[in-house]
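# Topology and contacts: notes
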Amino acid sequence: MNALLLLEQGLNGLQFGLMLFLLAAGLTLVFGIMDMVNLAHGSLYMIGAYLMATFAQATGSFWIALPLAMVATAVIGMALESGLLRKLYERDHLSQVLATFALILIANDLVRMIWGPQALLLDAPQALAGTIEIIPGAPYPAFRAFIIGVGLAVAAALYWMIVHTRVGALVRAGASNREMALSLGVNVKRLFTLVFGLGAALCALAGAMLGPLLAVQIGMGESILIQAFVVVVIGGIGSIRGALVGALLVGMVDTTGRAFLPILLRGFLPNNIADALGPTLAAMAVYILMAAVLYWKPTGLFPARG
Amino acid sequence: MKRILAAAALACMGFNPAGAADKLKIGFISTLSGPAAALGVDIRDGLNLAIKHQGGKLGGLPVDLIVGDDTFSPDVGKQLTERMLKRDDVHIMTGIVFSNILLAVAPAIFQDQTFYVSPNAGPAELAGDRCSPFFFNVAWQNDNLHEAMGKHVADKGYRNVYLIAPNYPAGRDALNGFKRFYKGATSGEVYTKLGQLDYAAELAQLRAAKPDAVFIFLPGGMGINFIKQYNAAGLAAAVPLFGPGFSADEDVIRAVGEGMLGMFNSSQWNRDIDNPQNRRFVADFEKNYGRAPTLYASQGYDAGLLIDSAVRAVKGRVEDKNAFRAALRKADFKSVRGAFRFNSNHYPIQDYYLRLIAKDEKGRLTNRIVGTVFRNHADAYVKSCKM
């Protein structure tokens, strides 16, 4: 185990964490400001990825398809919010969970009807197909490096928006005390729709970035949604800063767990037991992290509500 | 009186020695959605082609093929199995791609005394001490293709190999099979989550371990993603990649493209095996489905031919379990792979070939047989099967 390898795995963890952040950011805002549990967030990610793959195929260009997919997904998200989800804000969490779970099933079947059951292929843009040497001696895939760049840029932009703009102030007000913000005359309807659209656009961005690395397929939203929820819970509901820290923590723990846990176990267990235990423990590492955070900080690392 | 009672008892068991079924109900469960869907779809299409070649019948009986998508989930597979056994009352079941799903549904099928003809999954468990008189595998035992690659990699003089497989029964069978014939050092033996699609962490470990060859067993979308990421990480030029036919057949070649050129892999079947039934199968598969068949498709097709031969031998009386079993055992059909017979545990004894991905005369990337690794090869578990 050398420093170079640790550094490379660090980059991998960063890359995965930043993608989780794109999903968790939208999720935590919706959860924090509207007090709404939206399980269909993962479906928006799936729809974004499918639209991205379709537009990329139609236009032949990754770069033209990207803004198209983000805008289209944002529109779908806003339509969903104003048409259906708005009616759920006043209901309890159980109704919200049931309704948005139904949305997952509907979205999966709609996608199956439109695109068929087979996974779609989305290729990384040609310019980013090679490798670059961020760390000397360890070539790193250029597309993954690009993803890291995009993730950091989005994190910075969101931070700026939340801290320095009027919309950001309203979002923060909504997250820390929704009723107070309401009674001060904030146009919450518009704010909610806007935030939902932003979350949907970020979903599409994540779908476009992860599409070439993973696969554009039905159900892709569910597995990553669970991890995004873990991020939200670790970071503290409604907090963008918490989502960023939580996402990076989850990304790092997951990557290093997969990479180093089996080796570590082999140090003091017989090989066959270590091989059986390693992958299982690595898959659990993220949830152990969540349990530990909840034990010491039940409201998450950066609770938005004081 | 005794005779009447016996007849009544037989009637209660639904056992009708005189009459044949009027149609053959086959329950087909496979993975038809998600990143591994190509495998199940190929098996289904291969089976359908076999039925088509027999004039819409198998063994003279019209076929009622009931298709279910397990969505890559053992739980869904179990629900489908229950439904097909109880409600549809199928005569035969087939179709499953993944061993973990097969192992989850197998007990219910065997308990129901329904035959299962496996066109793919061949777990060690069902070849050895848990072998069943109701189970037939028409493809291979899970270890076999990996054994062939283990022998090839050892013969080529590689001494330090890095191994990767998913963490599920067939993944363990795969690496056990490889190591049965490759006795050299391993600089890494990694089990990844089944269905994992991002291999950044594993590839970084692999690069640092500096192996002189890599062996992967990653079927379907897992293999497609791994090989794409392996190439994107610039490893392809440095370390040769080996795999069984599962990681190097038409489904992977279609998705990865030129990056597959020159990869050695193993299979019991290939499109260039020269016999009349294979030529017809390959030509008609391409004509009907507009794509080249994979080994999965050939296995689905052979499953159809096997069922056809056995149903024909018992003259449609598939309810006569003993006669039907004896007929299946004979494997009296012309397999597209050539010589094929069953061992005492109902797993194949057959040849295994070394294949190389190269350009054919039309410039298409495809597999070509370049050698025979094993002749009349049997699996390693047959001795512990007491049937």
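The shown structure was predicted, so the numbers you read here are calculated from the model rather than taken from an experiment.

## Thoughts on the interface of chain A and chain B
Accessible area lost upon the coming together of the parts is a frequently used measure of interface size. Counting from both sides, the interface comprises 33 residues of chain A and, opposite them, 31 residues of chain B. Each partner contributes to the roughly 2,400 Å² buried at the junction of chain A and chain B, and carbon and sulfur atoms together form 50% of this total. Our count for the contact surface shared by chain A and chain B stands at 5 salt bridges. In this structure, the salt-bridge partner of Asp69(B) is Arg112(A), at a minimum N-O distance of 3.9 Å. Between chain A and chain B we count 12 residue pairs in polar contact (both at pLDDT 80 or more) in total. Of the residues contributing to the side of chain A that touches chain B, the split by class is 17 nonpolar, 9 polar and 7 charged.

## Regarding the pattern of salt bridges
All names here are of chain B. Under the definition given, this model contains 27 salt bridges over all chains. Linking Arg291 and Asp45 is a salt bridge whose minimum nitrogen-to-oxygen distance equals 2.8 Å. You can see Arg291 sitting in the loop between helix H11 (276–289) and helix H12 (295–313) and its partner Asp45 sitting in helix H2 (residues 37–53), a full 246 residues away along the chain. For the pair Arg291 and Asp45, a shared accessibility class is recorded, and that class is buried. The network of salt bridges with common partners includes Asp42, Arg44, Asp45 and Arg291.

## Looking at the nonpolar core
Membership of the largest hydrophobic core comes to 124 residues, with the highest contact counts inside it found for Leu24(B), Leu206(B), Phe226(B), Tyr230(B), Met260(B), Phe281(B) and Phe324(B). If near-sequence neighbours (up to four positions away) are discounted, Phe324(B) is found in contact with Ile92(B), Phe115(B), Ala310(B), Val311(B), Val314(B) and Val318(B). Counting residues in hydrophobic clusters, the runner-up holds 87 residues, among them Ile33(A), Leu88(A), Phe196(A) and Ala228(A).

## Details of helix H9 (residues 220–235) of chain A
Along its 16 residues, H9(A) runs 23 Å from first to last C-alpha, staying within 8% of the 22 Å computed at 1.5 Å per residue. Most of H9(A) is tucked away: 12 of the 16 residues are buried.

## Some remarks on the packing of helix H2 (residues 41–59) of chain A against helix H8 (residues 188–210) of chain A
All names here are of chain A. Their axes nearest at 7 Å, the elements H2 and H8 cross at an angle of 55 degrees. Compared by their axis directions, H2 and H8 come out oblique. Between H2 and H8 lies a crossing whose hand is right-handed. Where H2 abuts H8, its residues His41, Leu44, Tyr45, Gly48, Ala49 and Met52 lie against Phe196, Gly199, Ala200, Cys203, Ala204, Ala206, Gly207, Ala208 and Leu210. Of the residues that constitute the contact of H2 with H8, the class distribution is 11 nonpolar, 4 polar and no charged.

## Quick look at the sheet that holds strand S5 (residues 115–118) of chain B
All names here are of chain B. On the basis of which strands lie adjacent, the open sheet formed by 6 strands has the order S2-S3-S1-S4-S5-S6 and mixed pairing. Every interior strand has two partners, whereas the edge strands, strand S2 (57–58) and strand S6 (135–137), have only one. Note that strand S1 (residues 24–30) and strand S4 (residues 92–94) share 3 bridges and pair parallel. Bridged to Phe28 within S4 is Thr94.

## Focus: the pairing of strand S13 (residues 348–359) of chain B
Residues and elements named next belong to chain B. Buried residues dominate S13, accounting for 11 of its 12 residues. As paired strands, strand S11 (residues 264–267) and S13 are joined by 4 bridges and run antiparallel to one another. Bridge pairing links Phe264 to Leu356 in S13. Summarising the sheet, strand S12 (residues 341–342) and S13 pair through 2 bridges and their orientation is antiparallel. Across the sheet, the residue bridging to Arg341 is Ile349, located in S13. The hairpin turn running from S12 into S13, its antiparallel successor, is 5 residues long, and His346 in that turn takes a positive phi close to 65 degrees. As defined by bridge partners, S13 adjoins strand S14 (residues 365–377) across 9 bridges and the pair is classed as antiparallel. Counted as the bridge partner of Arg355 is Ile369 from S14. Taking the residues between adjacent antiparallel strands as the criterion, S13 and S14 are bridged by 5 residues, where Gly363 takes a positive phi near 85 degrees.

What counts, and at which threshold
Residues numbered from 1 in each chain as written. Chains lettered and ligands numbered in written order. Predicted model: local features only at pLDDT ≥ 70, side-chain atom pairs only at ≥ 80, totals over all residues. Heavy atoms only, no water. Contact = heavy atoms within 4.5 Å. Buried area = accessible area lost by both parts, 1.4 Å probe. Salt bridge = Lys/Arg side-chain N within 4 Å of Asp/Glu carboxyl O. Polar contact = N/O pair within 3.5 Å; in protein donor to acceptor, adjacent residues only side chain to side chain. Nonpolar A, V, L, I, M, F, W, Y, C, P; charged D, E, K, R; others polar. Helix = DSSP H or I, 4+ residues; strand = E, 2+ residues; numbered from the N terminus. Buried < 20%, exposed > 50% of the residue type's maximum accessible area, 1.4 Å probe, protein only. Core = buried A, V, L, I, M, F, W, Y, C linked by side-chain atoms within 4.5 Å. Expected span 1.5 Å × (residues − 1). Axes fitted to C-alpha atoms, helices over the stretch in contact; angles between N-to-C directions. Parallel < 35°, antiparallel > 145°, perpendicular 65-115°, else oblique. Left-handed = near helix turned anticlockwise from the far one by under 90°. Pairing = 2+ DSSP bridges.

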